[in-house]
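Report on the structure
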Amino acid sequence: MLVAAAVCPCPPLLVPPVAAGAAPELDGARAACTDALGVLAAARPDLLVVVGPAERSGRGPHSQGARGSFRGFGVEVDVRLGTERGPVPQGPLPTSLAVAAWLLERTGWSDAPIEGLGVGEPLEPERCIQSGMDIAARAERVALLVMGDASACRTLKAPGYLDERAAPFDAEVARALGAADVAALRALDAELAYELKASGRACWQVLAGAAEGADLGGSLLYEDAPYGVGYVVATWS
């Protein structure tokens, strides 16, 4: 059963060596992510599952100890998803899960076994919800760390250029995540999310499936779009 969840953005820029001189711009987001992981630890889960957007080659599942890297972004930073336990045969973590691994290492996570799951951004809502239900059934006390960004179309300089639909879409996402509104997340328009380049849509719907019947309350810790991309941090407990 799902007992807690943290929702965090997944830009590589969260990792200060990647952001370099621009690192202070996301200090608020990093601090909020740290607070969100504290809520997961306080829930004392039997299992932590990290979910994030991924291309087909990175979907996993990824077992504890799986490794990731930010070398592709020009920095010699390597990460690991929790403490390594024997051979880890699968490929490297997708970027979203590597960011999660960096956040977990930064906060010294050692509270429960960890698994990672990359979710394809086009995955249909019904399959996302079923995947979440399956995750929640994995252990008596399950926690989720859900990685994903909102729209990438908030400003003229955003990766997806300016789209007037982006701000209201992000506002509803932030409201739903902050209120633990399962029905609203289930109802997110997958086609609109794709058009707005919102990488977190499928992962948020996995969360909605996992939280069905859990009666969790939500709290919005951070919402901003410093690079024209919507970043949201929230907790459910």
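The coordinates are above.
The rules behind the values
Residues numbered from 1 in each chain as written. Predicted model: local features only at pLDDT ≥ 70, side-chain atom pairs only at ≥ 80, totals over all residues. Heavy atoms only, no water. Helix = DSSP H or I, 4+ residues; strand = E, 2+ residues; numbered from the N terminus. Rg over C-alpha atoms; globule rule 2.2 N^0.38 Å. Buried < 20%, exposed > 50% of the residue type's maximum accessible area, 1.4 Å probe, protein only. Contact = heavy atoms within 4.5 Å. Areas by Shrake-Rupley, 256 points an atom, 1.4 Å probe, with all protein chains shown as cover. Expected span 1.5 Å × (residues − 1). Arc of directions from axis to C-beta. Core = buried A, V, L, I, M, F, W, Y, C linked by side-chain atoms within 4.5 Å. Salt bridge = Lys/Arg side-chain N within 4 Å of Asp/Glu carboxyl O. Patch = residues over 30% accessible without salt bridge, like charges linked within 9 Å, V, L, I, M, F, W, Y side chains within 5 Å.

This brings us to the overall build of the chain. Counting secondary structure elements, the chain contains eight helices and eight strands. Relative to a compact globule of 237 residues, whose C-alpha radius of gyration would be 18 Å, the chain shows 16 Å and is just as compact. Counting only C-alpha atoms, the chain reaches 50 × 45 × 30 Å along its principal axes. For the chain, the proportion of its 237 residues judged to be buried stands at 54%. For the chain, restricting intrachain contacts to residue pairs at least 6 apart in sequence, the fraction spanning at least 24 positions comes to 74%. Accessible area of the chain: about 10200 Å², with a carbon and sulfur share of 51%.

Quick look at helix α2 (residues 27–42) now. Taking 1.5 Å as the rise per residue, α2 with 16 residues should run 22 Å; its terminal C-alpha atoms sit 23 Å apart, in good agreement. Those residues of α2 lying buried are Ala-29, Arg-30, Ala-32, Cys-33, Ala-36, Leu-37 and Leu-40. Buried residues of α2, viewed axially, fall in a sector of 160°; they line one side. Exposed side of α2, more than 90 degrees from the buried face: Asp-35 and Ala-42 are the residues found there. Once α2 ends, the next one or two residues include Arg-44, with phi positive near 50°.

On to the nonpolar core. Most often, soluble globular proteins keep nonpolar side chains buried together rather than apart. Core analysis: the largest hydrophobic core is formed by 44 residues, its most contacted members being Leu-40, Leu-48, Val-50, Phe-70, Leu-104, Leu-145 and Met-147. Every element with two or more residues in this core is listed here: β1 (2–8), α2, β2 (47–53), α3 (95–106), β6 (142–147) and β8 (231–236). No other element matches the eight residues that α3 contributes to this core. When residues no more than four places from it in sequence are discounted, the contact partners of Leu-48 are Leu-40, Leu-104, Trp-109, Ala-112, Pro-113, Ile-114, Glu-115, Ala-143, Leu-144 and Leu-145. Core analysis: the second largest hydrophobic core is formed by 43 residues, Phe-169, Val-173, Ala-184 and Ala-214 among them.

Quick look at the pattern of salt bridges now. For side chains of opposite charge, pairing can occur when their charged atoms come near one another. Under the counting rule described, the total for this entry stands at 11 salt bridges. A salt bridge links Arg-154 to Asp-170; its shortest N-O distance comes to 2.8 Å. Of this pair, Arg-154 sits in the loop between β6 and α5 (166–179) while Asp-170 sits in helix α5; the two residues are 16 residues apart in sequence, bridging distant segments of the chain. Its relative accessible area of 24% is what places Arg-154 among the partly exposed residues. A salt bridge links Arg-165 to Glu-195; the nearest nitrogen and oxygen atoms lie 2.8 Å apart. Here the residue Arg-165 occupies a position in the loop between β6 and α5, and Glu-195 occupies one in helix α7 (residues 190–195), the gap between them amounting to 30 residues. Overall, Arg-165 belongs to the partly exposed group, its relative accessible area being 38%.

Moving on, we get to a nonpolar patch on the surface. Taken together, the side chains of Leu-156, Tyr-161 and Leu-162 define a hydrophobic patch exposed on the protein surface, amounting to about 330 Å² of accessible area. By the element assignment, Tyr-161 lies in the loop between β6 and α5. Judged by its relative accessible area of 51%, Tyr-161 falls in the exposed class.

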